[in-house]
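# Remarks on the overall topology
The residues making up each chain are set out below.
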Protein chains: 4
Amino acid sequence: MSFRSGRHFLHIPGPSNVPDRILRAIDRPTIDHRGPEFAELVLGVLPGLRELIGTSGPVFLFAASGSGAQEAALVNTLSAGDTILVIHNGFFATVWQDTARKLGLNVEILDLPWETGVDSNRVAERLSQDAEGEIKAVLVVHNETSSGVTNNVHDVRLVLDQLRHPALLLVDTVSSLGSIPVEHEKWGVDVTVSSSQKGMMLPPGLAIQAVSSRALAAADSATLPRAYWDWKSHLDSNETGFFPSTPATNLIYGLGEAITMFREEGLEQVYRRHEHLAEATRAAVRGWGLEVFCQSSQHYSPVLTAVTLPEGFDSDVIRDLILDRFDLSLGTGLGKLKGRVFRIGHLGSLNALMLAGALCGIEMGLQLAGVPIHTEGVQAALKVLRSRFELVEE
Amino acid sequence: MSFRSGRHFLHIPGPSNVPDRILRAIDRPTIDHRGPEFAELVLGVLPGLRELIGTSGPVFLFAASGSGAQEAALVNTLSAGDTILVIHNGFFATVWQDTARKLGLNVEILDLPWETGVDSNRVAERLSQDAEGEIKAVLVVHNETSSGVTNNVHDVRLVLDQLRHPALLLVDTVSSLGSIPVEHEKWGVDVTVSSSQKGMMLPPGLAIQAVSSRALAAADSATLPRAYWDWKSHLDSNETGFFPSTPATNLIYGLGEAITMFREEGLEQVYRRHEHLAEATRAAVRGWGLEVFCQSSQHYSPVLTAVTLPEGFDSDVIRDLILDRFDLSLGTGLGKLKGRVFRIGHLGSLNALMLAGALCGIEMGLQLAGVPIHTEGVQAALKVLRSRFELVEE
Amino acid sequence: MSFRSGRHFLHIPGPSNVPDRILRAIDRPTIDHRGPEFAELVLGVLPGLRELIGTSGPVFLFAASGSGAQEAALVNTLSAGDTILVIHNGFFATVWQDTARKLGLNVEILDLPWETGVDSNRVAERLSQDAEGEIKAVLVVHNETSSGVTNNVHDVRLVLDQLRHPALLLVDTVSSLGSIPVEHEKWGVDVTVSSSQKGMMLPPGLAIQAVSSRALAAADSATLPRAYWDWKSHLDSNETGFFPSTPATNLIYGLGEAITMFREEGLEQVYRRHEHLAEATRAAVRGWGLEVFCQSSQHYSPVLTAVTLPEGFDSDVIRDLILDRFDLSLGTGLGKLKGRVFRIGHLGSLNALMLAGALCGIEMGLQLAGVPIHTEGVQAALKVLRSRFELVEE
Amino acid sequence: MSFRSGRHFLHIPGPSNVPDRILRAIDRPTIDHRGPEFAELVLGVLPGLRELIGTSGPVFLFAASGSGAQEAALVNTLSAGDTILVIHNGFFATVWQDTARKLGLNVEILDLPWETGVDSNRVAERLSQDAEGEIKAVLVVHNETSSGVTNNVHDVRLVLDQLRHPALLLVDTVSSLGSIPVEHEKWGVDVTVSSSQKGMMLPPGLAIQAVSSRALAAADSATLPRAYWDWKSHLDSNETGFFPSTPATNLIYGLGEAITMFREEGLEQVYRRHEHLAEATRAAVRGWGLEVFCQSSQHYSPVLTAVTLPEGFDSDVIRDLILDRFDLSLGTGLGKLKGRVFRIGHLGSLNALMLAGALCGIEMGLQLAGVPIHTEGVQAALKVLRSRFELVEE
């Protein structure tokens, strides 16, 4: 039976809820991407994007999804047969290494548990064996959208520095940028890969990339074939506010509005808000007597929480039921987690009551599905959400 | 401290949440209101509106708010000095009688308790004393937005019929139409007064009016001055899809979309949905240990619930706090209820999780404000919301 | 055969083309009209509106069309049986006096030729006979949308002043405000009546009114019944950013955007632009060998041009043909001009090429309809449009 | 001096004017691209797209611009070092071969004059020398956006068939699809490459691709590295309405609306309309005494017209002047035509009066720039535009 009135509750971990202001910005007539008005738009947007990524260097925008950004990072810096080390503690690392393999790279996987953040000792151990510098790049996913684990990217850089290992550090921030602090330069990242449809609050279709001068230098000798993703042509164009091929103009309108919104709320506040919403979500999970998939409190993701179900329940059946009854979309279990977990997105444009509504839907759905839970999840979440304001009062 | 990200929770009892589909319909270029495309639009919209109001007779649209519709009902049917009986069990009856007084009518008020629906015996008692038929019209508000009480309009008609009293029956359905069944013809209403911004899911600015043949006949002898509100000029124009003066074209676009949405969901389902959401809201109020202002279960409003606060708390202070902390708007106490109650709107385009989110915000806000409540309101509401789907399962 | 692709050319003299920016502003969620965000909106909009009307006094907004504003001006300042003098040189004066009659006023018409602006000597002549001051108000339409004639409002004030006649001066600026300078205070107007859908670039549904302190004083003794239109209740509310009844919130969003757009372009430039577009239109009419209905060059309207057809042609047949073939809407002949003229709107959000496209459509349509014209209209218009830029070059 | 009111006239040959209906469709909340509602959307859109391209085989959508679609066609069907023959009679063939070179293909260029369509004899001549079948693919641009020349694609297929040459036929329809008939299957095309922002009336950001079974078979042995562009992963996903990576959901909303609009107008009518508008444009060019760049009447493009300027004039100076004075964007001269031609786009959502307005702007702009023209261009265009309706009358 359908109950379709009012708003859909979109709580997959991306695309996130696109705010009305951004949808309305996108809903403007497309203009000449070779004209002065467009250049003004781009030159206005890029500085804000740099600030968000924490870089003073080049930032590129492609008409593409996040997978395109992953590909662009590889083809611009590497050559066929190059060895790369993929730090693998979640499904999106799998996706990235699949791409790398398809492109003809020699992929070595550092298989780590999905339930916690990257152990930098394990990274150090492996890299210290690579005295020859065979490993040309280390790939790590900042926030694993599959598991709700946020990795400490800076630690990986420290390992590389300590070992004086020359590998490039490529980081996927697709689900973190805009909701969790990203510090391209401070963390010594060489390529930051991201996209529009998660913390950036936009529809999908815009791939984002920031690159270090080392990465730019690597591009000179990298021989993987590239045309669409080629940084060089962007580099020349962007300085004047243009693009080598037709850009996704209307999404760039939206990006401008997103940056305005980040500035209005203040980035510090945006990040605190996500910490707070995430904490409330975990409280709900525990209130239900269920388990947060991430086992390490210092790696809890501020953008999504994966919830482990008791044996005997299929998370997809429950997700379908919740979608059907409450018009609430949750994330499926990916890869080896299929059927075992569901994921609650709490990223992007979200506030306490939107999250509270979603948690209510999950609590009811779990009960309707016969999962043996305590009905104390919502209460526990409200306690957290409320606490924020009590503190403020003092 | 402000926490403004994500969606506002609009739970005043109107304007209600305007669905995206309707906003997008309104966001279309204005056309010539004397051209064929406009006529087609209007001739497509009016039948759906008739169906919603339960009439086969004329329905008028004015560019105006609901107060305009109240005024139009009076000036078209009455003459200066005419006596009208206002059945008064809430603030919007007060508003209507103020209008009537300003227009020079002799207003007699039948003062009834606000906590319950109209007692038709009291109406009968008064009308039976009017053997001369001095009372030219009886005014009743179908759903009292101030108190959360739904009056039984048909009962008033039965009283008039039984007494063979010739007074016209004028009914305000501003906050009921589209969320509670309205039966203009079955109930023997002479003028149904309504507007766009509540159950109809539109922005404010469109006044709606349905009239009986008796009301039309009354217009022939009524001498209150009228021009903008004059039915006659509408009557002639509307048949061909036009209006005597420039209509609110873009709101009529939205009205077309609203009618499409009502049809898609099914009116029966729309009404059941509101019954259900209202029941959940009352469960929450009781779960908090607070009192639903309406004391009579058969008159509970499906569109809003007024909540009585314990002595010593000012509802406006609490409303401000909830708005500030949770971006949730609630209705103020009106007239003699100022400061004593707050009102929760659950009308228009709304679903279970939107309501659940709002109830969470109220529960947290009441706690932050120091109101001594049990934190069992949300749980109680979820139990009701869930139950609907359990039944469905069987 | 229909040819419906691309944009409609809307050249009735209102509603005018609503710019995308304004439509998008209207396409925002409706908010609580009793909340702080709404108050901020209103308090931001009113000063810009005052500036546009040229007043430092109160400005009122009603959810209504322009006819509502005409009615409001009368019921707030006059009493039943009062005599008013309607300066009648066009159809919209007819409409206003109809309203006045319906409201029970004693309407005296000063019948003047439609082909030219008001002759103030004729007004002086009549008023000088009214030594007793029987005439309580003089009504004049600033820009006659029916004929393309702009009246000199200030001249009428000078006549009243010279004769020390106490009548109020009520002026309809429905089709001038926003496209032709309006000077409420400098011209000594008592009530300025306007609406949203013409020079203001909004959809219809918002009535606008500015009043002098004399008009406000008159309201104290005026006895025409009024409720919806009552200034007093607005006066109190507006100071705090609120309204006595539910306002047309979304149109007020649009009004805010319109005022921003006026400021960006600069009012001087807006008015010059319309002068220029009007001159080009008249050049086209003469290029076709047809006649501009307005015979007096000092009264040519900057917002529309009425074109007289040769005997034997019905303007409505030609308008239908042009709409059908070229998706271009023109204004019909109103009142006694029905069938004899068509009207070209060139008001609101319009530029040289939009007008040029429309004039091309008219030239082709006239030829297809067999009207004996010279095909030199478009060329003549382009010469004018171009000249503006030649001058600039020097 | 700027004259920025009203609509921009966008007459570059793409992006074209995005209709309001499509912008509004895009302005809808992004949904879960793994959910049932999304699948329904995609499964509803693909058949319409197949019909438009003239194929019963697979059609792929990428979040990318047209350059991405060009790249996808190559990497899926070819291997490093493969020889391809680029039929080169315009700038976009240059772009495509640049991409091919960057990807490591051995590009042979068949250099043909830009002023006319591809001479299939020249193609036959070259291919007949390739008895060994060294040439793996023949690339041709259907409509050359740089020159206003439409090539006969079918002729190239006939040459291949006659010679029994096994090369794949890859065709760029970026600027033709949706405005000029494309017959993927009838013409024996192996890969049809297109994108959203021209005849398809959408903003940029969606790359479109149709492939033959031969092309699919070629993909099995093609070894160019590919991941983002890999057809195989799309092939599996699309059947169920999904995508291998996050799709450009909101543009797909717009694509659905575009297809609805094509169906409403009728494809035959859409194509006739563009023929007609193009003919009017060429008439204008000749009326000005200027030259249409395309010298061959059977290859005139229905989507744009390149205009050659007399010696001594720089087309970019004139374009800037026209943009500045009349808010009209024209296409620049590309590659070797830089400064020598300007291009008038008349594709996508366009009607007679929009084009007429643009031609008026060009006529005025050429005069202001001092180009020695006859002012008979607009008149000549109107004669053509009008003629269509005279014929209809009979």
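## A look at the domain arrangement of chain A
A common measure of how large an interface is: the accessible area buried when the components associate. Residue and element names in this part refer to chain A. Taken domain by domain, chain A comprises domain 1 (9-16 + 266-393) and domain 2 (20-263). The C-alpha centroid of domain 2 is placed 27 Å from the C-alpha centroid of domain 1. The interface is formed by 28 residues belonging to domain 1 together with 27 residues belonging to domain 2. Of the roughly 2,300 Å² buried between domain 1 and domain 2 on both sides combined, carbon and sulfur atoms contribute 63%. Taken together, the connections running from domain 1 to domain 2 amount to 0 salt bridges.

## Notes on the interface of chain B and chain A
Contact with chain B, which involves 44 residues of that partner, is made by 45 residues of chain A. For the pair chain B and chain A, the summed buried area comes to about 4,200 Å², and 65% of that belongs to carbon and sulfur atoms. Our count for the contact surface shared by chain B and chain A stands at 2 salt bridges. Note that B:D20 is salt-bridged to A:R7, the shortest N-O span being 3.1 Å. At the surface where chain B touches chain A, the tally comes to 18 residue pairs in polar contact (both at pLDDT 80 or more).

## What about the relation of the copies chain A and chain D?
Mapping between the two chain copies consists of a rotation about an axis together with a translation along that axis. Rotating chain A by 180° and translating it 0.0 Å along the rotation axis places it on chain D, where the RMSD comes to 0.0 Å. The two molecules are tied by a two-fold rotation axis, judged by turn and shift. For chain A, the residue whose C-alpha comes nearest the rotation axis is A:A64, separated from it by 2.4 Å. Both copies present the same face, since 100% of the interface residues in chain A are matched by interface residues at the equivalent positions in chain D.

## Section: helix α3 (residues 66-75) of chain C
Burial of α3(C) is extensive: 10 of the 10 residues sit out of reach of the surface. When α3(C) is considered as a whole, its buried residues turn out to be C:G66, C:S67, C:G68, C:A69, C:Q70, C:E71, C:A72, C:A73, C:L74 and C:V75.

## Examining the relation of the copies chain B and chain A
By a simple turn and slide, chain B fits onto chain A: the slide is 0.0 Å along the axis, the RMSD is 0.0 Å, and the turn is 180°. Of the interface residues in chain B, 100% have counterparts in chain A that sit at the interface too, so the contact is made through matching surfaces.

## Section: the interface of chain A and chain D
With 46 residues of chain A at the contact, the number on the chain D side is 46 residues. The contact between chain A and chain D buries some 3,500 Å² in all, and 62% of this surface belongs to carbon and sulfur atoms. On inspection of chain A and its partner chain D, the count reaches 4 salt bridges. Salt-bridge contacts for D:D230 lead to A:K102; the nearest nitrogen and oxygen are separated by 3.4 Å. Our count for the contact surface shared by chain A and chain D stands at 10 residue pairs in polar contact (both at pLDDT 80 or more). Residue assignment for the side of chain A that touches chain D shows that the elements contributing at least two residues are α1 (20-26), α2 (36-53), α3 (66-75), α4 (91-102), α9 (249-265) and α11 (315-326) of chain A. Residues that form the side of chain A that touches chain D fall into these classes: 21 nonpolar, 14 polar and 11 charged.

## As for the side chain of B:H142
Residue and element names in this part refer to chain B. Residue placement: H142 occurs in the loop between β5 (135-141) and β6 (143-144). Classification of H142 by relative accessible area gives buried; the value is 2%. Once you skip the residues sitting within four places of it in the chain, H142 turns out to touch V149, T150, N151, V153, V171, D172, T173, S176, I180, P181, V182 and W187.

## Some remarks on the pattern of salt bridges
Summed over the entire model, instances satisfying the criterion amount to 80 salt bridges over all chains. With a shortest N-O distance of 3.2 Å, A:D20 and A:R24 are connected by a salt bridge. Taken as a pair, A:D20 and A:R24 lie in helix α1 at a separation of 4 residues, close to a single helical turn. For C:D190, the salt bridge identified is with C:R157, shortest N-O distance 3.1 Å. Here the residue C:D190 occupies a position in the loop between β8 (168-172) and β9 (191-195), and C:R157 occupies one in helix α6 (residues 153-162), the gap between them amounting to 33 residues. By the burial criterion, C:D190 is buried, and C:R157 matches it. Each of A:R7, A:D20, A:R24, B:R7, B:D20, B:R24, C:D27 and D:D27 takes part in salt bridges that share partners, so that together they form one network.

## A short note on the packing of helix α11 (residues 315-326) of chain B against helix α12 (residues 352-368) of chain B
Residue and element names in this part refer to chain B. At a minimum axis separation of 9 Å, α11 and α12 run at an interaxial angle of 120°. When the axes of α11 and α12 are compared, the pair comes out oblique. Between α11 and α12 lies a crossing whose hand is right-handed. Between α11 and α12, the residues in contact are I318, L321, I322, R325 and F326 and G361, I362, M364, G365, L366 and L368, respectively. Tallied by class, residues from the contact of α11 with α12 come to 8 nonpolar, 2 polar and 1 charged.

Cut-offs and rules
Residues numbered from 1 in each chain as written. Chains lettered and ligands numbered in written order. Predicted model: local features only at pLDDT ≥ 70, side-chain atom pairs only at ≥ 80, totals over all residues. Heavy atoms only, no water. Domains from an automatic or database assignment. Contact = heavy atoms within 4.5 Å. Buried area = accessible area lost by both parts, 1.4 Å probe. Salt bridge = Lys/Arg side-chain N within 4 Å of Asp/Glu carboxyl O. Polar contact = N/O pair within 3.5 Å; in protein donor to acceptor, adjacent residues only side chain to side chain. Least-squares fit on C-alpha atoms with pLDDT ≥ 70 in both. Buried < 20%, exposed > 50% of the residue type's maximum accessible area, 1.4 Å probe, protein only. Helix = DSSP H or I, 4+ residues; strand = E, 2+ residues; numbered from the N terminus. Nonpolar A, V, L, I, M, F, W, Y, C, P; charged D, E, K, R; others polar. Axes fitted to C-alpha atoms, helices over the stretch in contact; angles between N-to-C directions. Parallel < 35°, antiparallel > 145°, perpendicular 65-115°, else oblique. Left-handed = near helix turned anticlockwise from the far one by under 90°.

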